[in-house]
Amino acid sequence: MNDIVREFLVESHESLAQLDRDLVTLEREPGDRETLARVFRTVHTVKGSAGFLGLTKLEAVSHAGESVLSRVRSGDLEFTPEIATALLGTVDAVRHVLAALEASGGTSEGGGDFSATIQTAERLLPPRRTAPGPTPSPARSASGAPAAPPKPRPADVAAPRTSAVSDSNVRVDVKLLDHLMTLVGELVLARNQLVQSPGPHEDPGFPGTVQRLDLITTELQQGVMKTRMQPVANVWAKLPRVVRDLAAACGKQVRLDMEGTDTELDRTIVEAVRDPLTHLVRNAVDHGIEPPEVRAARGKPAEGQLLLRAYQESGKVVIEITDDGGGIDPARVRDKALAARAVAPEDAARMSDAELLDLIFLPGLSTAGAVTRLSGRGVGMDVVRTHVERIGGLVEVNSRLGHGTTVRLRIPLTMAIIPALVVSAGGDRYAIPQVNLLELVRLEGAHLAHAVESLHGAPVYRLRGALLPLVDLAHELRVGHKSGRDELNVVVLQADDRRFGLVVEHIHDTEEIVVKPLQPQLKSTGVFSGATIMGDGRVALILDVIGLAQRAHVLRGARERARDEPAPQAPQEQRQSVLLFDAPDGSRLAAPTERVARIEELPATAVESVGGRDLVQYRGTVLPLIHLGPRPAPAAVMPVVVFAGPSDPVGVVVGRIVDIVDDELAVRSRATRPGVLFNAVVDGRITEVLDVDALTRGAASGFVAVPRSGGGAA
């Protein structure tokens, strides 16, 4: 893709994002001449650029929209909802052409036929007074063929997602770049002074140089972070169109208001909250705001209000989605949860309204009366919470029956560099994100003896009249718990809506740390959110405060009750733990985990062929290998599942290790080839369950019947 086409795609996607908002504004305020002029200029620019680049299909589509806008500007047409729908259709068509252009590297506009879109726009044009002449030819489509009769456009067809080209670019103020360049120059000067300095003891100016270097580095860091910051308006750009289309599909009247659009977030956070925010807005329109006749019967205006509000609070960005609809009925949520057997009846009876509202985040739970293409399947809210918590955020719900609902997202400003408190336990250092930190408490001497109390066997501390649960970090992480301390260092933390005290051995200092991702082995523990490298080069793990609170059973809300008492399953003795893996051809297989000795990764170069069989030297023994497909290339690394045999282990070379799951294996069918016990539906996919006994016996005798890629036996 050449630079001219790339720049055209970037500018066009930015213009289309503004165009969606302006067209929705024009539909609400048809007399806004300034917005109308801006829309016309945008469409005219896209058309002119398309003509310059020889993009005939894009030029035809944008010309149809420009013709309608030209007649609206001249006063021949009044801007109506029908015109708005037609123009939004041309915007979607332009997006599809741009997506095809990007996918082809700038060589093709795709095979889409937009003649119906063009004809819809042309039908809106009033006839001009012209002199008698030949009968005009039929309207031509974007491909040059006569336009076909317009086809109804499905209401649920979505425009393509944001362009990858536009996502890879960000606009930065030139003044900010100049400032960063100046700081880099000063940083180089300070570095040169350090390099030429004889040492901290011989040079009296050394401390001053180090201090200056520290100040420059801090300012440079802040400047670079600003280049990644984007206003929350970028997340909200498509929401006016989403609300407008969804309200029309639901037969509702909804006004969308936005406050705090200039609040800034890190670009990575912006991308992470885009989908959760869109889902919450769709929920508010579809579930929250009532139809006009229902609102009128309740004494409300026919037009519902949806308010998006963003602001900064305590080092985090808060985004609120508020509707003035019917609210959430806690009793209805409880009944739905009981019907789905998501919670036990005795637990549901003890739940407060806030805990009942929290049940809407359970997977599979929906309060919708019927399943539609828009909602009612019980998916989404649990994904919203998962995505928000994955970036260190929180989701809160407040609702008043008959008055409306507010969903509040508390998300960090950035995930790249964060301030953190460094503590130690069991001789290791850990970092606690400062956004979760409330205060520090130190107990010692005579006060320690009676300060810590016991409540139902759990230690608590009475902090200013409120009981604070205490969690010992060393005990939870199993890193050398100490008893009989002379002093107690307590870090008071906030997890969701609960406070608890984290007992640590030492509290060091607050630092700004660079967040590094975790390996999958540590992610599965649920108590670490990342890692960082400290000043001395050692690694410190970053604590996941919410995960730690859940592990210590501090969070005992609806989510924890649901996890402790899940929806009915088969009795544990009827469920079987199986290892899922893929063959090289992608087919799914499984084997009981009780038969799996180890999972290894072995280089293909370690394989030796002896007597027509593949063997490998393994842990002081000779391990026979069984291939489920073609032998891997010499440079490959082979995933090998080692099964315990009657005498010696056997290794099976697989394509990919998938997961370990517990399943009933209830839905079965007969095996279709040797080496397989039966077929079963595991984790939503048809899976062949290996006959491990036959496999290991065959390996000992030299003949193995096992499924290969494409069928057959080995």
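Above this text sits the structure in question.
First, a word on scope: everything that follows refers to the structure included in this document.

What counts, and where the lines are drawn
- Residues numbered from 1 in each chain as written.
- Predicted model: local features only at pLDDT ≥ 70, side-chain atom pairs only at ≥ 80, totals over all residues.
- Heavy atoms only, no water.
- Helix = DSSP H or I, 4+ residues; strand = E, 2+ residues; numbered from the N terminus.
- Contact = heavy atoms within 4.5 Å.
- Pairing = 2+ DSSP bridges.
- Axes fitted to C-alpha atoms, helices over the stretch in contact; angles between N-to-C directions.
- Salt bridge = Lys/Arg side-chain N within 4 Å of Asp/Glu carboxyl O.
- Core = buried A, V, L, I, M, F, W, Y, C linked by side-chain atoms within 4.5 Å.
- Buried < 20%, exposed > 50% of the residue type's maximum accessible area, 1.4 Å probe, protein only.
- Parallel < 35°, antiparallel > 145°, perpendicular 65-115°, else oblique.
- Left-handed = near helix turned anticlockwise from the far one by under 90°.
- Nonpolar A, V, L, I, M, F, W, Y, C, P; charged D, E, K, R; others polar.

Right, let's talk about the side chain of Thr42 for a bit. Along the chain, Thr42 falls in helix H2 (residues 33–53). Setting aside chain neighbours within four positions, we find Thr42 in contact with Ser15 and Leu19.

The next subject is the sheet that holds strand E26 (residues 650–653). With mixed pairing, six strands are arranged side by side in an open sheet as E21-E25-E26-E24-E23-E22. Looking at strand neighbours, the two that pair on one side only are strand E21 (596–603) and strand E22 (608–610), the edges of this open sheet. Across the sheet, the mean angle separating the axes of adjacent strands is 40° when strand polarity is ignored. Here E21 pairs with strand E25 (residues 637–643) via seven bridges, running antiparallel. When the bridges of E25 are listed, Ile599 appears paired with Val641.

For the coordinates displayed, the defined rule picks out 32 salt bridges. The shortest N-O distance in the salt bridge between Arg410 and Glu396 comes to 2.9 Å. Of this pair, Arg410 sits in strand E7 (residues 404–412) while Glu396 sits in strand E6 (residues 394–400), and the two are 14 residues apart along the sequence. Taken together, the salt bridges that share partners define one network made up of Asp20, Glu27, Asp92, Arg95, Arg241, Arg244 and Asp245.

Formed by 48 residues in total, the largest nonpolar core has its most connected members in Trp236, Leu306, Ile319, Ile321, Leu359, Leu409 and Ile411. Counting residues per element, this core draws most heavily on helix H11 (residues 267–288), which supplies eight residues. Look past the residues within four positions of Leu409 in its chain and what remains in contact with it is Leu277, Leu280, Val317, Val318, Ile319, Ile321, Val388, Leu394 and Val395. Counting residues in each nonpolar core, the second largest holds 37 residues, with Val5, Leu87, Leu101 and Ile118 among its members.

Before going further, it helps to spend a moment on the packing of helix H1 (residues 3–28) against helix H10 (residues 239–250). Between two packed helices, what matters for the description is the angle formed by their axes and the separation of those axes. Where H1 contacts H10, the axes come no closer than 8 Å and their chain directions differ by 50°. What the angle tells us is that H1 and H10 run oblique. Where H1 crosses over H10, the handedness of that crossing is left-handed. Residues Asp20, Arg21, Val24 and Glu27 of H1 pack against Pro240, Arg241 and Arg244 of H10. Tallied by class, the residues present in the contact of H1 with H10 amount to two nonpolar, no polar and five charged.

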